[in-house]
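Listed here are the chains, written in short residue letters.
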Amino acid sequence: MDRSPLARPFPALPAIAGVTPRVARAGYKPWERNDLTFITLDPGTTVAGVLTQSKCPSPEVEWCRSALILGEARAVVVNAGNANAFTGARGRAAVEAIAAKVAGALACRPSDVFVSSTGVIGVPLPIDKAEAGLDAAFAALPCSWEDATNTIGTTDTFAKGATTTAVVDGRTVTLVGIIKGSGMIAPDMATMLGYIFTDAAVSAEFLQATLSEANRASFSCITVDSDTSTSDSVLAFATGTAGNVPLTGPDDAGADSFRAALGDLCRQLAHLVVRDGEGATKFIEVAVTGAESDRSAQRIAMSIANSPLVKTAIAGEDANWGRVVMAVGKAGEPAERDLLAIRFGDTQVAREGLAVTGYDETPVAAHLKGQDIEIGVDLGLGDGAATVWTCDLTHGYISINADYRT
């Protein structure tokens, strides 16, 4: 598969004390590549997560949702090539077998083991391959973050990772994140498979609150194709090895710095997923202002970002702003035609419900020839605002998904 033209090079990610990644080949598909990532975590590691709200979740999602209640983690297992979703009792048995085998190796509780799978829906995860893959992972040498990230990919065309730092209790703490995702991206409280690791000491409760907050402004603000996966998960782990006084609430010293760093990391990762949208050639930011509420603004922004007509117009570099008007109108949110204003990049194209006087399409056409596209909409109704990110819709998306299983 060709590398996305919007790809970013994989950054130099530092090691996180208390976190050890390894990879192995379980052979979930007939491919010559690693497809199992196994990450161990030191005792005392806390965990938080946001998971898909799909009504048809995978057993991995259900397992993680239950395990998060305890707030502790010792390992993560990620399987690529098989989503293990819609697989009934056999799928649940596979997750239980994976957790039990890792728990036996690490002398921890099965609930301390977090499991994710990604790939084709409807095919049970083979327990024998999972267990053989884990045996290989147990014996493997620690690997790089890039290797761990490549291993969890499916239709991804490049590995995605990011890092930030924060100052907490006078100490610099580090955050690292890796993520996979390219299609079936329309988050509902989470998206894709993402894993965040920090050496900061953070209580599970505060880590959960901070991750949920970061998610609302990042992973829940992106879309590739309007489809929400059965398996979407973002998990955050804090080893506490930095030695800071544990963060337990928003008023603690350093809490604001940590929240800002986690928010920045999640936004970086979310943007990388959009840049690898299946068949994507344009990265699109949709900013809506002047709505009656922030929630209303986001719904309108998502209506624009998910519109096949808007996305194909951007793919064809067609300055058809009427399609944006259409998407605003169909969103089902308060809007007044004669107050509406629209811009592409820095160029105002419509104001007060009609094209601006002397409208010249030339600068808009020039903007659309670039890779980073901005669409701005002002409803003129209130103070509500939201920004979401998406990509264009090309023949490449159709080709990838028409041939996904074959």
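Before any of the text, the structure's been laid out above.
A quick note: this is a predicted structure, and the numbers were derived from the prediction, not measured.

Observations regarding the overall build of the protein chain
- Of the regular secondary structure elements, the protein chain holds eleven helices and 15 strands.
- Relative to its length of 406 residues, the protein chain is compact, with a C-alpha radius of gyration of 22 Å against a globular reference of 22 Å.
- The C-alpha extent of the protein chain, read off along each of the three principal axes, is 70 × 55 × 35 Å.
- A buried classification covers 57% of the 406 residues belonging to the protein chain.
- Within the protein chain, contacts between residues at least 6 apart in sequence are counted, and of these 80% link residues at least 24 apart.

Quick notes on the nonpolar core
- Counting 70 residues, the largest nonpolar core has Ile196, Leu211, Phe258, Val288, Ile304, Phe344 and Val377 as its most contacted members.
- The dominant element in this core, judged by the number of residues it contributes, is helix α6 (residues 255–275), at ten residues.

A look at the pairing of strand β3 (residues 46–51)
- β3 sits mainly inside the fold: six of its six residues count as buried.
- On β3, burial covers both faces: Thr46, Ala48 and Val50 on one face and Val47, Gly49 and Leu51 on the other are all buried.

Brief notes about the packing of helix α2 (residues 88–106) against helix α3 (residues 127–139)
- Orientation of α2 relative to α3, taken along the N-to-C sense of each, is 25°, at an axis distance of 10 Å. Compared by their axis directions, α2 and α3 come out roughly parallel. The handedness of the crossing between α2 and α3 comes out as right-handed. Taken together, the residues of α3 that come into contact with α2 (itself represented by Ala93, Ala94, Ala97, Ile98, Lys101, Val102 and Ala105) are Ile127, Ala130, Glu131, Leu134, Asp135 and Phe138.
- Among the residues making up the contact of α2 with α3, the classes are represented as ten nonpolar, no polar and three charged.

A look at the packing of aromatic side chains
- Scanning the entire structure with this criterion turns up four aromatic pairs.
- With centroids separated by 5.4 Å and ring planes inclined at 15°, the aromatic side chains of Phe197 and Phe237 adopt a geometry described as stacked. Remark: Phe237 occurs in strand β9 (residues 233–238) and Phe197 occurs in strand β8 (residues 193–198); sequence separation between them is 40 residues. Residues Phe197 and Phe237 agree in their burial class; the two are buried.
- In this structure an aromatic cluster arises from ring pairing among Phe114, Trp145, Phe197 and Phe237.
- If you follow Lys160 out to its NZ or CZ, it ends over the ring of Phe158, 4.8 Å from the centre.
- The aromatic ring of Phe283 is capped on one face by Arg275, whose charged end is 4.2 Å from the ring centroid.

Re the sheet that holds β9
- Across the sheet, five strands lie side by side as β3-β9-β8-β7-β6; this open sheet has mixed pairing. Single-partner strands in this sheet number two, and they are β3 and β6 (160–168). Strand-to-strand, the axes of this sheet are offset by a mean angle of 15°, without reference to chain direction.
- By the bridge criterion, six bridges tie strand β7 (residues 171–180) to β8 in an arrangement that is antiparallel. Within β8, the position partnered with Lys180 by the bridge is Leu193.
- On the sheet, α6 packs against β6, β7 and β8 and is oriented at approximately 170° with respect to β6.

Points about the sheet that holds strand β14 (residues 372–378)
- Spatial ordering of the open sheet is given by β13-β12-β11-β14-β10-β15, a layout of six strands whose pairing is mixed. This sheet does not close on itself; its edge strands, each paired only once, are β13 (354–355) and β15 (384–391).
- With seven bridges joining them, strand β10 (residues 283–291) and β15 adopt antiparallel strand pairing. Within β15, the position partnered with Val286 by the bridge is Val388.
- Contacts from α6 reach β10, β14 and β15, with the element oriented near 45° to β15.
- Strands β10, β14 and β15 of the sheet are contacted by helix α7 (residues 294–305), whose axis makes an angle of about 25° with β15.

Some words on α7
- If you check α7, its first and last C-alpha atoms are 16 Å apart, about what twelve residues at 1.5 Å a residue would give, namely 16 Å.
- Counting buried residues in α7 gives nine out of twelve residues, a clear majority hidden from the surface.
- For α7, the set of buried residues is Ser296, Ala297, Gln298, Ile300, Ala301, Met302, Ser303, Ile304 and Ala305.
- Packing partners of the buried residues in α7 comprise β10, α8 (308–315), α9 (322–330), β14 and β15.

A look at the environment of Val388
- Looking at the element boundaries, Val388 is found in strand β15.
- For Val388, a relative accessible area of 0% gives the class buried.
- The sequence separation of Val388 and Gln298 amounts to 90 residues, and the corresponding C-alpha distance is 7.4 Å.
- Non-local contacts of Val388, meaning those with residues more than four positions away in its chain, are made with Cys221, Ile284, Glu285, Val286, Gln298, Ala301, Met302 and Ala305.

About the cut-offs
- Residues numbered from 1 in each chain as written.
- Predicted model: local features only at pLDDT ≥ 70, side-chain atom pairs only at ≥ 80, totals over all residues.
- Heavy atoms only, no water.
- Helix = DSSP H or I, 4+ residues; strand = E, 2+ residues; numbered from the N terminus.
- Rg over C-alpha atoms; globule rule 2.2 N^0.38 Å.
- Buried < 20%, exposed > 50% of the residue type's maximum accessible area, 1.4 Å probe, protein only.
- Contact = heavy atoms within 4.5 Å.
- Core = buried A, V, L, I, M, F, W, Y, C linked by side-chain atoms within 4.5 Å.
- Axes fitted to C-alpha atoms, helices over the stretch in contact; angles between N-to-C directions.
- Parallel < 35°, antiparallel > 145°, perpendicular 65-115°, else oblique.
- Left-handed = near helix turned anticlockwise from the far one by under 90°.
- Nonpolar A, V, L, I, M, F, W, Y, C, P; charged D, E, K, R; others polar.
- Phe/Tyr/Trp six-rings, centres within 6.5 Å; stacked < 30°, edge-to-face > 60°.
- Lys NZ or Arg CZ within 6 Å of the ring centre and 35° of its normal.
- Pairing = 2+ DSSP bridges.
- Expected span 1.5 Å × (residues − 1).

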